[in-house]
Every structure is written in structure tokens, then in C-alpha cells.
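For reference, the chains in residue letters:
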Amino acid sequence: MSQRKISMAVIRRLPRYYKYLGELLNNGVTKISSQDLSDTMQVTASQIRQDLNNFGGFGQQGYGYNVEYLYNEIGKILGQDQLHNMILIGAGNLGQALANYTSFGRQGFHLIGIFDINPKLVGLKMRGIEVLDIDNLEQFIKENSVDIAILATPKAGAKDMAQNLSDWGVKGLWNFTPEDLFINGDMEIENVHLFHSLMTLAYQIHND
């Protein structure tokens, strides 16, 4: 695959392609045209072809796309052919909801550790994983291969925590704190704002 920079807009559409192709595969569909995929996804056929051409195209003129092949290839691009070890920092209400999300395991994301500063939560088990004191975090990361950390804590101290995670070798951070995090280092950060999405929906229903 080309090493040229792929836009984030394209990358963010790939999981949607992966999802819909998986549904088609489960329904016994073996091939599909970009136009039919467009009708399903509400993305133009031209945009679909442009997106997939960033990674080699995968289609055949006059045939379209082999659903299983395209599904598997997009899965590889998204790292779905690999296991990703994750830890969760913050075992409050949001953290508990994330810890109990059963689809992580099915998609290759393996939760191996949960940490919190609250002594009332330390020692509890979530999906069979004991919540450890945050003081054990550095040692745990150094003794285990941790690809992704999920940060579901209050804003205070979040930036310092993110920097520490990067310094300790964590490759990616899924940030659910109320603050966008940008740090020095090689760790990739995905900032998630649930309330922003809700406000966007509110705008849409009032300005449709």
C-alpha cells in the first residue's frame, strides 16, 4: 500500500464501509457495485471509488467489488487482523459502560487492565477484571504490551496522564475526558466528545 498521507476524512469512513460490508456478507451478498454500496451507505459512488483507490481500488470494472475480499482488506487496513491490548483508566459510570461493551473482544480489542484512584472502586471486578489502584499503572504498562489506553477521567490531570502514557510506551489514547489532549511524543490520540455529537443532533432537529 502507498505510504502517501491518507486524509482523516477517508480514514473515518473506512469503519462505515467495514460495518456495511460485514452486514452484506452476513446476508449472503457476494458482490456489489459502488452504486449499490452508495445507495446503502448514503455516500456517493464516486466518493467510494476515490476512497478505496487510496488503498489500491479493490474493484473490477464491469464486476464491482467482491464483498468478502473487500471486507477482509478493509479489516486489515483498520488493524482488524491483529489483537490490540487495551487498558481503561477511570472506572466511574462512563468507564464501567465502556468496560462492559461486549463488542470490543469480537473486534480484536482486548481489555487487560482497569485502573482508578477511588478506593471504593479499587478491588471491584468488571467483566472479570479487577480494578487496580492507579499507582500500579506504570508498572503494569511496563510489564504488559499495551496498545491503547482508554481515558475516562475528569479533566483535572488528564494532560499529565496522557503524557505519562506516551512516555511509558502506550501507542494510542482513546480520550473521553472533557478536554482535547495534545502531547509531545509518538502516541496517537483520538479525542471523543459525546456531548458535541448531542449538540450537533440538537442543531439538526431544530434547523432541518
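Heads up: these notes are all about the structure in this document. (Residues numbered from 1 in each chain as written. Predicted model: local features only at pLDDT ≥ 70, side-chain atom pairs only at ≥ 80, totals over all residues. Heavy atoms only, no water.)

## Considering the side chain of Ser34
Here is step 1 of the chain: Tracing the backbone through its elements, the reader meets Ser34 in helix 2 (residues 34-41).
Here is step 2 of the chain: The residues touching Ser34, leaving out its near neighbours within four places in the chain, are Ala45, Ile48, Arg49 and Tyr65. (Helix = DSSP H or I, 4+ residues; strand = E, 2+ residues; numbered from the N terminus. Contact = heavy atoms within 4.5 Å.)

## Focus on the pairing of strand 8 (residues 172-175)
Here is step 1 of the chain: Here four bridges tie strand 7 (residues 148-151) to strand 8, and the two strands are oriented parallel to one another. Paired with Ala149 across the strands is Leu173, a residue of strand 8.
Here is step 2 of the chain: In terms of handedness, the path from strand 7 via helix 8 (residues 158-167) over to strand 8 forms a crossover that is right-handed.
Here is step 3 of the chain: Note that strand 8 and strand 9 (residues 188-191) share four bridges and pair parallel. Its bridge partner being in strand 9, Leu173 is matched across the sheet by Ile189. (Pairing = 2+ DSSP bridges. Right-handed = clockwise from strand over helix to strand, strands pointing away.)

## A word on the sheet that holds strand 4 (residues 109-116)
Here is step 1 of the chain: Here we have seven strands laid out as an open sheet, ordered 5-6-4-3-7-8-9, and mixed in their pairing. Single-partner strands in this sheet number two, and they are strand 5 (125-126) and strand 9.
Here is step 2 of the chain: Here strand 4 pairs with strand 6 (residues 129-133) via three bridges, running parallel. By the bridge assignment, Asp116 is partnered in strand 6 with Asp133.

## Focus: helix 2
Here is step 1 of the chain: Listing the buried residues of helix 2 in full gives Ser34, Leu37, Ser38 and Met41. Within helix 2, the buried residues cover an arc of 105° as seen down the axis, which keeps them to one side.
Here is step 2 of the chain: Contact partners of the buried residues in helix 2: helix 1 (8-26), strand 1 (31-32), helix 3 (45-53) and strand 2 (65-66).
Here is step 3 of the chain: Residue Gln42 follows helix 2 closely and has a positive phi angle near 60°. (Buried < 20%, exposed > 50% of the residue type's maximum accessible area, 1.4 Å probe, protein only. Arc of directions from axis to C-beta.)

## Topic: the packing of helix 1 against helix 3
Helix packing geometry: the angle between the two helix axes and the distance between the axes.
Here is step 1 of the chain: Contact geometry of helix 1 with helix 3 gives a least axis separation of 11 Å together with a crossing angle of 105°. In terms of axis orientation, helix 1 runs roughly perpendicular to helix 3. Facing Val10, Arg13 and Tyr17 of helix 1, the residues of helix 3 in contact are Gln47, Ile48, Asp51 and Leu52.
Here is step 2 of the chain: Considering only residue class, the contact of helix 1 with helix 3 consists of four nonpolar, one polar and two charged. (Axes fitted to C-alpha atoms, helices over the stretch in contact; angles between N-to-C directions. Parallel < 35°, antiparallel > 145°, perpendicular 65-115°, else oblique. Nonpolar A, V, L, I, M, F, W, Y, C, P; charged D, E, K, R; others polar.)

## A word on the packing of aromatic side chains
Here is step 1 of the chain: Counted by the stated rule, this structure contains six aromatic pairs.
Here is step 2 of the chain: Residues Tyr18 and Tyr71 carry aromatic rings whose centres are separated by 4.4 Å and whose planes lie at 5° to one another, so their mutual orientation is stacked. Within this pair, whereas Tyr18 is found in helix 1, its partner Tyr71 is found in helix 4 (residues 67-77), the two being separated by 53 residues in sequence. As far as burial versus exposure is concerned, Tyr18 and Tyr71 are alike and both buried. (Phe/Tyr/Trp six-rings, centres within 6.5 Å; stacked < 30°, edge-to-face > 60°.)

## Comments concerning unusual backbone geometry
Here is step 1 of the chain: Look at Gln42: it is not a glycine, yet its phi comes out positive at around 60°.
Here is step 2 of the chain: Considering the arrangement of structural elements, one finds Gln42 in the loop between helix 2 and helix 3.
Here is step 3 of the chain: Phi is positive for Arg127, close to 50°, though the residue is something other than glycine.
Here is step 4 of the chain: Secondary-structure assignment places Arg127 in the loop between strand 5 and strand 6.

## Describing the environment of Leu94
Here is step 1 of the chain: Among the structural elements, Leu94 can be located in helix 5 (residues 93-99).
Here is step 2 of the chain: Since its relative accessible area comes to 31%, Leu94 is described here as partly exposed.
Here is step 3 of the chain: Once residues within four sequence positions are removed from consideration, Leu94 is found in contact with Ala152, Phe176 and Leu194.

## Remarks on the side chain of Thr177
Here is step 1 of the chain: Along the chain, Thr177 falls in the loop between strand 8 and strand 9.
Here is step 2 of the chain: Side-chain polar atoms of Thr177 contact the side chain of Asn175, separated by 2.7 Å.
Here is step 3 of the chain: Sequence-distant contacts of Thr177, defined by excluding residues within four places in its chain, comprise Leu151, Thr153, Pro154, Ala158, Val192 and His193. (Polar contact = N/O pair within 3.5 Å; in protein donor to acceptor, adjacent residues only side chain to side chain.)

Nothing here speaks to function; it is all geometry.
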